[in-house]
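Coordinate inspection notes
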Amino acid sequence: MNDAPHAPTPLEAEIRRRIEAAGPMPVSEYMALCLSHPQHGYYVTRDPLGARGDFITAPEVSQMFGELIGIWMSAVWKQMGSPARVRVIELGPGRGTLMKDAMRAAQVVPAFRAAVAIDLVEISPVLREQQKQTLAPTKIETHWYASIRDVPDGPAIIIANEFFDAIPISQAVRTEDGWHERCVGIGEDGRFAFVLAPEPMKHIGVLLPQAAREAPVDSIVEWRADNTAIDLGRRVAQDSAALVIDYGHSQTDFGDTLQAVGKHAYADPLREPGEVDLTAHVDFEPLTRAIELMGARGYGPITQSRLLRGLGIETRAMTLKAKATRAQAADVDLALARLVGIGRTGMGDLFKAAAYVAPTLPPPPAFEP
Ligand SMILES: C[S@@+](CC[C@H](N)C(=O)[O-])C[C@H]1O[C@@H](n2cnc3c(N)ncnc32)[C@H](O)[C@@H]1O
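Report on the accompanying structure. A quick note: this is a predicted structure, and the numbers were derived from the prediction, not measured.

The subject of this paragraph is the sheet that holds strand β12 (residues 265–267). Judged by pairing direction, the sheet is antiparallel, and its three strands sit side by side in the order β12-β11-β13 without closing on themselves. Across the chains shown, the open sheet's two edge strands, defined by having one partner strand only, are β12 and β13 (277–279). On average, adjacent strands in this sheet sit at an angle of 40° to one another, irrespective of strand direction. Taken together, the three bridges between strand β11 (residues 259–262) and β13 define a ladder with antiparallel strand orientation. Within β13, the position partnered with alanine 260 by the bridge is leucine 278.

Spelled out as structure tokens, the structure:
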């Protein structure tokens, strides 16, 4: 972590003004400003993905990831009764790489490919432009929206890879007199610091399972107050299906998972706001609860390794290697190890996948019992 002095970022000055005027701000407000402030937000001002950016995601690791999701989508479309028009909606599509690879793979089911219109939910103007360029060769009708709520109704297959981890979290800390919301204020050294709201939260009990209410002092609990899961669940319950892939845990747990990453290294979440990526683990338990409450049926979460192996990543890797040079074949092996590998260097078990479908549909591929 780099702790060297630096000139304040424009967003840092703005957040400081807000704290001085109104007092410490909840972590959720701080994270929302850092990521999506209309002028200085991290995602608004840059394309952060790839080797020269701040982090790399599974579709950027290998074409195999998007291709297998394209195959998954075409199989789910058949399970839906092969509707003549289907919306393929992606939440937070990054550079559009997953969608490009998915649509190329979907050519093996021409009727599905012909039925697709693409809807992208994206806040970043920089990434929207990048997505436009990436997807132009597909010649598929594509529209952009700021929220899933704005996408017109109709049968849809919804994909969200590393989207929910960028949705702001709220945090609360257990003290002797109850749970206090965790906020960002100004510490004695003049820098941003985590502080607790003075009054305990009154209604936190409804957010927490019974066991959590007896958590030891200093425990931290996190939740997302965002409505995307509700909107997604409402839509899926009608006539649609969704695949959510993200890093996180299957069951609610305690702990501070807010993390900052810049230039492929961990950073301090309170330093250089707007210049580093902020994310937090996705808790699949409340995500699934919210989606199922709207009438959709949830499957998983399963590990990313199980998802990709279930969809045939090893066979796909062998096919790619059969036509590759020795160096290219080594790259395929490296990518495979990264996507399904377990432990510190692999994404295979940290990343989880959950599928949500209308109650009339069978379990989707890779999620069969
Ligand atoms: C970590 S990137 C993942 C990109 C892509 N899915 C991938 O796997 O490469 C997060 C994406 O979500 C977008 N995003 C973040 N917050 C958003 C929000 N509140 N609404 C819509 N898009 C958002 C970002 O601009 C970016 O495209």
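Don't stop here, the text continues.
Across five bridges, the pairing between strand β7 (residues 178–186) and strand β8 (residues 192–196) is antiparallel. Pairing of isoleucine 186 across the sheet is with phenylalanine 192, part of β8. Hairpin connection between β7 and β8: a loop of five residues separates the two successive antiparallel strands, and glycine 190 in this loop has a positive phi of roughly 85°.

Quick look at the state of the cysteines now. Within the structure shown, the criterion is met by zero disulfides. Here cysteine 34 is not cross-linked by a disulfide; its sulfur's nearest cysteine counterpart is in cysteine 183, at 14 Å. Assessed through its relative accessible area of 6%, cysteine 183 is described here as buried.

This part covers the packing of helix α13 (residues 313–322) against helix α14 (residues 326–340). Relative orientation of the contacting elements α13 and α14 amounts to 165°, with a least axis distance of 9 Å. Considering the angle they form, α13 stands roughly antiparallel to α14. For α13 against α14, the interelement crossing comes out right-handed. The residues of α14 that touch α13, namely those facing Ile313, Glu314, Ala317, Leu320 and Lys321, are Ala329, Val332, Asp333, Leu336, Leu339 and Val340. The residue makeup of the contact of α13 with α14, split by class, is eight nonpolar, no polar and three charged.

Moving on to the packing of helix α10 (residues 228–239) against helix α11 (residues 284–293). Helix packing geometry: the angle between the two helix axes and the distance between the axes. Close contact between α10 and α11 brings their axes to 7 Å; oriented N to C, the two are set at 40°. Regarding the angle of α10 to α11, the classification is oblique. The interaxial crossing formed by α10 with α11 has right-handed handedness. In this structure, α10 uses Ala229, Ile230, Leu232 and Gly233 to contact α11, whose residues at the interface are Leu287, Ala290 and Ile291. Its residues assigned to classes, the contact of α10 with α11 shows six nonpolar, one polar and no charged.

Let us look at the packing of aromatic side chains. Centre distance and the angle of the planes are the two values used to describe a pair of aromatic rings. In the structure shown here, the tally under the stated rule is six aromatic pairs. On the numbers, 5.2 Å between centres and 80° between planes, the contact of phenylalanine 163 with phenylalanine 164 is edge-to-face. Take phenylalanine 163: its relative accessible area is 15%, and that puts it in the buried class. Consider the rings of tyrosine 247 and phenylalanine 351, whose centres lie 5.9 Å apart with planes at 40°: the pair is tilted. Pair noted here: tyrosine 247 is in strand β10 (residues 241–249) and phenylalanine 351 is in strand β16 (residues 351–357), with a separation of 104 residues, a long-range link. In this structure tyrosine 247 comes out as buried when scored by relative accessible area, which is 6%. Classification of phenylalanine 351 as buried rests on a relative accessible area of 8%. Its end group placed over the ring of tryptophan 144, lysine 132 keeps NZ or CZ at 5.4 Å from the ring centre.

The next thing to look at is the pairing of β7. Burial analysis of β7 places eight of its nine residues in the buried class, the great majority of the element. For strand β1 (residues 25–26) and β7, the ladder comprises two bridges, and the chain directions are antiparallel. Following the sheet pairing, proline 26 is matched in β7 by cysteine 183. Note: strand β6 (residues 170–175) against β7, four bridges, orientation antiparallel. Note on β7: the bridge partner recorded for valine 173 is histidine 180. Taking the residues that link successive antiparallel strands as the turn, the β6-β7 hairpin has two residues.

So, on to the site of the ligand. Taken together, 17 residues surround the ligand, and among them Thr57, Gly92, Gly94, Glu122 and Asn161 come closest. Here a nitrogen atom of the ligand sits 2.7 Å away from a polar atom, N or O, in the main chain of glycine 92. A distance of 3.5 Å separates a nitrogen atom of the ligand from a polar backbone atom of isoleucine 123. Taking 600 Å² as the accessible area of the ligand by itself, protein coverage stands at 93%.

Rules and cut-offs
Residues numbered from 1 in each chain as written. Predicted model: local features only at pLDDT ≥ 70, side-chain atom pairs only at ≥ 80, totals over all residues. Heavy atoms only, no water. Pairing = 2+ DSSP bridges. Helix = DSSP H or I, 4+ residues; strand = E, 2+ residues; numbered from the N terminus. Axes fitted to C-alpha atoms, helices over the stretch in contact; angles between N-to-C directions. Disulfide = S-S within 2.5 Å. Buried < 20%, exposed > 50% of the residue type's maximum accessible area, 1.4 Å probe, protein only. Parallel < 35°, antiparallel > 145°, perpendicular 65-115°, else oblique. Left-handed = near helix turned anticlockwise from the far one by under 90°. Contact = heavy atoms within 4.5 Å. Nonpolar A, V, L, I, M, F, W, Y, C, P; charged D, E, K, R; others polar. Phe/Tyr/Trp six-rings, centres within 6.5 Å; stacked < 30°, edge-to-face > 60°. Lys NZ or Arg CZ within 6 Å of the ring centre and 35° of its normal. Near = heavy atom within 4 Å. Polar contact = N/O pair within 3.5 Å; in protein donor to acceptor, adjacent residues only side chain to side chain. Areas by Shrake-Rupley, 256 points an atom, 1.4 Å probe, with all protein chains shown as cover.

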